[in-house]
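# Per-entry structural report
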Amino acid sequence: MTISNPGHASKRERVSPAVLVLEDGRAFRGRAYGAVGETFGEAVFSTGMTGYQETLTDPSYHRQVVVMTAPHVGNTGVNDEDPESKRIWVAGYVVRDPARVPSNWRSQRSLDEELTTQGVVGISGIDTRALTRHLRERGAMRVGIFSGNALADEGTLLARVRQAPEMSGADLSAEVATKEAYVVPAIGTKKFTVAAVDLGIKGMTPQRMAERGIEVHVLPATATLEQVYAVKPDGVFFSNGPGDPSTADHPVSVMQGVLERGTPLFGICFGNQILGRALGFGTYKLKYGHRGINQPVQDRSTGKVEVTAHNHGFAVDAPLDKVSDTAYGRAEVSHVCLNDQVVEGLQLLDRPAFSVQYHPEAAAGPHDAAYLFDRFVSLMEGQRA
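Residues numbered from 1 in each chain as written. Predicted model: local features only at pLDDT ≥ 70, side-chain atom pairs only at ≥ 80, totals over all residues. Heavy atoms only, no water.

### Quick notes on the overall build of the protein
A count of helices and strands for the protein gives eleven helices and 21 strands. For the protein, the C-alpha radius of gyration of 21 Å lies close to 21 Å, the compact-globule estimate for 385 residues. Judged by the C-alpha coordinates and their principal axes, the protein covers about 70 × 45 × 35 Å. Within the protein, the proportion of its 385 residues that are buried is 58%. Counting only contacts in the protein whose residues sit at least 6 apart along the sequence, the fraction spanning at least 24 positions is 75%. Summed over its atoms, the accessible surface of the protein is roughly 15500 Å², and 47% of this surface lies on carbon and sulfur atoms. When the 39 basic and 44 acidic side-chain charges of the protein are each reduced to a single mean position, those positions are 4 Å apart. (Helix = DSSP H or I, 4+ residues; strand = E, 2+ residues; numbered from the N terminus. Rg over C-alpha atoms; globule rule 2.2 N^0.38 Å. Buried < 20%, exposed > 50% of the residue type's maximum accessible area, 1.4 Å probe, protein only. Contact = heavy atoms within 4.5 Å. Areas by Shrake-Rupley, 256 points an atom, 1.4 Å probe, with all protein chains shown as cover. Lys, Arg positive; Asp, Glu negative; His and termini not counted. Charge placed at Lys NZ, Arg CZ, Asp CG, Glu CD.)

Here is the structure:
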């Protein structure tokens, strides 16, 4: 097992040591950050320089240990307004140089305190650039973080990491979704009703729809087609979420029912993968995924390039160079990532349905993709007309 250390140990690092162990045997030593103990998950990296609070509370990060590529994290502390859900979902957190004292007029406590309170085991003081390069070369993999009484000899820790479950084949959306339906009322005059299937939805997503006069009925991931249509929706939305889309047979079945009825449909992230499967395309696991708020995507219908927020480790396997025939009419790839040509959006040409692989709600992230909510509104207006 190779041990890496950036070589600038502080007093706290000597008092509270921690070690991060990857399943391929490489390890990084640093100091405990947040809760002390042990945690396991899939090691992934996020390239966002801001928005760490939204990242931590994004349900799509369930069972993932997030490595922040930005070296300095925690400057603005933590507040009660920015979380995207009611808790932190990341399995573990990795930073190089955490802020010693937060400084922001909205800050209510430090990031370290929040991680500790919510029992999130983390590590700081390691070379996150070296770790990121390793994950880019070797791919996302299982990892463990150990501190306090969880520390043991290197062979024992590695064996424990290799016993942890893998992300491939994981069915996780029901673990993070709401258990009971709830309503986000329209802001101002109500224009439409949308049934939103929660596969790990972020709080800002129904907010963006509410801002456009949409009353959003957020339903559990287990909602049936009958429950979706019980709210008399003008449109149906499928959210982001964690896990392997190849396991999501129930959401795929519900979406196919929506497509058969011809109701306007919009999906993001996991919802894009669900649409891909519903149309008969396959999905596959990316080597290290897309995570961050600076990913370039091209809208192929307009040629416009957007800087977008991403969080996905799986993608749809659909042809980029042709229109495909499906059980629901013709379909095409509408958006593509300019870094690696990964499918970032799908649209049907004969029915009112489309999806994107990224996060147009922009929490955190740029607002380049906000027009997609307006596109959804246009579909519902067209259907009503």
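### Topic: the environment of phenylalanine 237
Within the secondary structure, phenylalanine 237 is located in strand β14 (residues 235-238). Excluding anything up to four places from it in sequence, phenylalanine 237 contacts Val194, Ala195, Ala196, Val197, Ile201, Thr205, Met209, Phe266 and Ile268.

### Details of the domain arrangement of the protein
Entries for the protein in the domain assignment read domain 1 (16-163) and domain 2 (173-384). Opposite the 24 residues of domain 1 that make contact, domain 2 presents 23 residues. The junction of domain 1 with domain 2 conceals about 1900 Å² of combined surface from both sides, 48% of it contributed by carbon and sulfur atoms. Where domain 1 meets domain 2, there are one salt bridge. Of the charged contacts, one joins glutamate 42 and lysine 285 as a salt bridge, the two residues approaching to 2.6 Å between their closest N and O atoms. (Domains from an automatic or database assignment. Buried area = accessible area lost by both parts, 1.4 Å probe. Salt bridge = Lys/Arg side-chain N within 4 Å of Asp/Glu carboxyl O.)

### Describing the UniProt feature "active site" (unreviewed entry) in the protein
UniProt's entry tags Cys269, His359 and Glu361 with the feature "active site" (unreviewed entry), counted in the numbering of this structure. A maximum C-alpha distance of 11.4 Å is found for the annotated residues, which run over 93 residues; spatially they form one tight group. With respect to the helices and strands, histidine 359 occurs in the loop between β21 (353-356) and α11 (371-384). For histidine 359, the residues in contact, after removing those within four places along its chain, are Asp58, Lys202, Asn240, Ile268, Cys269, Ala309, His310 and Asn311. (UniProt positions renumbered as here; feature names shortened; annotations may be inferred.)

### Quick word on the UniProt feature "domain: Carbamoyl-phosphate synthase small subunit N-terminal" (unreviewed entry) in the protein
Mapped onto this numbering, the UniProt entry gives "domain: Carbamoyl-phosphate synthase small subunit N-terminal" (unreviewed entry) at residues 16-146. For residues 16-146, the helix share is 18%, the strand share is 35%, and the end-to-end C-alpha distance is 11 Å.

### Digging into helix α5 (residues 154-163)
Every buried residue of α5 is listed here: Leu157, Leu158 and Val161. The arc that holds every buried residue of α5, seen down its axis, measures 100°, which confines them to one face. Contacts from the buried residues of α5 go to β2 (17-22), β4 (38-46) and β10 (141-147). (Arc of directions from axis to C-beta.)

### A word on the side chain of threonine 39
Mapped onto the elements of the fold, threonine 39 is located in strand β4. You can call threonine 39 buried: its relative accessible area is 11%. At a separation of 2.6 Å, a polar atom in the side chain of threonine 39 contacts the main-chain carbonyl oxygen of alanine 91. In this structure, threonine 39 is in contact with Ala91, Gly92, Val121, Val143, Gly144 and Ile145, ignoring residues within four places of it in sequence. (Polar contact = N/O pair within 3.5 Å; in protein donor to acceptor, adjacent residues only side chain to side chain.)

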